[in-house]
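Here are the chains, one letter per residue:
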Amino acid sequence: MNNDDRRNHHRNHLIVAGLTFVVLLVGLFGLVILILPGLGIIWGAALGYGIFTGFDTVGWFMFTILTVLKITGELAEHVLIGTQAHKEGAPWWVVIIALVAAIAGNFVVPILGGILAGLLVLFGIEWRRSKDAGKALESTRGLLVGFTLGFAARFAAGLMMIGTWCVWAFA
């Protein structure tokens with residue numbers, strides 16, 4: 001490869017890396033606004049980068065790490081959300097109904113609709129079930145803490161995914 005070819009290759013890599021990084025940031029933003037599948041966008045951008053630049057041994061290894069981080073972040077989020085509400089007294093069946101309501105609510109009113117729907121449904125069922133607004137509030141507080149911890153886990157996974165991609169792309 002002559003010097004012009006090397007310069008063109010380097011320039012093309014920087015363009016692809018720059019575009020990929022922008023999409024990674026969109027994914028990270030998606031984690032904050034809850035309307036975009038942030039971890040999926042980050043993962044997809046890394047996959048696109050690997051396809052475009054070619055997967056070598058290091059690329060496959062880094063992409064595997066990215067995949068594990070994505071799966072771990074998504075699982076941790078759901079486990080943390082449900083577990084916190086259950087710890088505060090909500091039975092698992094109520095937690096599952098609240099999480100389904102949260103998913104549906106996110107489609108109706110993006111960003112906060114899911115959280116509000118989950119909290120309201122959990123509170124309503126728990127209040128009706130226990131006939132005690134205080135206990136219902138405790139379970140609802142647990143779900144809110146779970147949403148917060150789940151967000152933190154998902155955001156941390158997104159940051160680690162972006163960091164892993166940076167090592168892959170620029171090391």
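Here the residue numbers are simple positions, counted from 1 along each chain's written sequence. Given that the model is predicted, a residue must reach a pLDDT of at least 70 before its local features are reported, and side-chain atom pairs must reach 80 or more before they are shown or counted; all residues, however, enter totals for whole chains, interfaces and linings. In computing side-chain values, all of the structure's heavy atoms are included and hydrogens and water are not.

Trainee: Where do I start with helix α2 (residues 38–53) in this structure?
Mentor: It helps to recall that an α-helix has 3.6 residues per turn; residues three or four apart then point in one direction. Across its 16 residues, α2 extends 22 Å between first and last C-alpha, which sits within 8% of the 22 Å expected from 1.5 Å per residue. Residue exposure (1.4 Å probe, protein chains only): buried if accessible area is under 20% of the type maximum, exposed if over 50%, otherwise partly exposed. Here a strand is any run of E in DSSP of at least two residues, a helix any run of H or I of at least four, and the numbering for each starts at the N terminus. Considered for burial, the residues of α2 that qualify are Gly38, Leu39, Ile42, Ala45, Ala46, Tyr49 and Gly50. Viewed end-on, α2 has its buried residues packed into an arc of 135°, placing them on one side of the element. Seen from the open side of α2, the exposed residues pointing more than 90 degrees away from its buried face are Ile51 and Phe52. Along its buried surface, α2 packs onto α1 (3–33), α3 (57–87) and α6 (133–170). A helix is expected to span 1.5 Å multiplied by its residue count minus one. Arc definition: directions from the helix axis to the C-beta atoms. Residue contacts are counted whenever heavy atoms from the two residues lie within 4.5 Å of one another.

Trainee: Would you take a moment to explain the packing of aromatic side chains for this structure?
Mentor: Aromatic ring pairs: the centre-centre distance and the angle between the two ring planes describe each pair. Classification of ring pairs rests on two measures: the distance between centres of Phe, Tyr or Trp rings, Trp counted by its six-membered ring, which must be within 6.5 Å, and the angle between planes, read as stacked under 30 degrees, edge-to-face over 60 and tilted in between. Applying the stated rule across the entire model yields ten aromatic pairs. For the pair Phe21 and Trp165, a centre-to-centre distance of 6.3 Å together with 25° between the ring planes defines the contact as stacked. Of this pair, Phe21 sits in helix α1 while Trp165 sits in helix α6, placing them 144 residues apart in sequence. The interplanar angle of 65° and the centroid separation of 5.6 Å between the aromatic rings of Phe55 and Phe63 together place this pair among those described as edge-to-face.

Trainee: Could you clarify how one ought to interpret the nonpolar core in this entry?
Mentor: If you look at soluble globular proteins, the nonpolar side chains tend to sit buried side by side. Ranked by internal contacts, the top residues of the largest apolar core, which has 20 residues, are Tyr49, Trp165 and Trp168. Those elements giving two or more residues to this core turn out to be α1, α2, α3 and α6. Looking at this core element by element, the count peaks at six residues for α6. Every residue in contact with Trp168, bar those within four places of it in the chain, is listed here: Ala46, Tyr49, Gly50, Phe55, Gly59, Met62, Phe63 and Leu66. To define a nonpolar core, start from buried Ala, Val, Leu, Ile, Met, Phe, Trp, Tyr and Cys residues and group those joined through side-chain atoms within 4.5 Å.

Trainee: Would you mind going over the pattern of salt bridges with me for this structure?
Mentor: Side chains bearing opposite charge may pair, as long as their charged atoms lie close to each other. When a carboxyl oxygen of Asp or Glu lies within 4 Å of a side-chain nitrogen of Lys or Arg, that pair is called a salt bridge. As enumerated under the stated definition, the model contains four salt bridges in all. Its salt-bridge partner being Glu88, residue Arg141 comes within 3.3 Å of it at the nearest N-O pair. Taken together, the residues Arg141 in helix α6 and Glu88 in the loop between α3 and α4 (92–108) connect sequence positions 53 residues apart. Residue Arg141 is classed as partly exposed on the basis of its relative accessible area of 46%. Between Glu126 and Arg129 there is a salt bridge whose closest N-O contact spans 2.8 Å. Of this pair, Glu126 and Arg129 are both found in helix α5 (residues 113–130), three residues apart, which corresponds to roughly one turn of the helix.

Trainee: What's the story with the confidence of the model for the protein chain in this structure? I'm lost.
Mentor: Confidence scores here are pLDDT values: one per residue, from the predictor, ranging 0 to 100. When pLDDT is averaged along the protein chain, the result is 91; 99% of the residues meet or exceed 70. Mean pLDDT values over the elements of the protein chain span from 88, in α1, up to 95, in α2.

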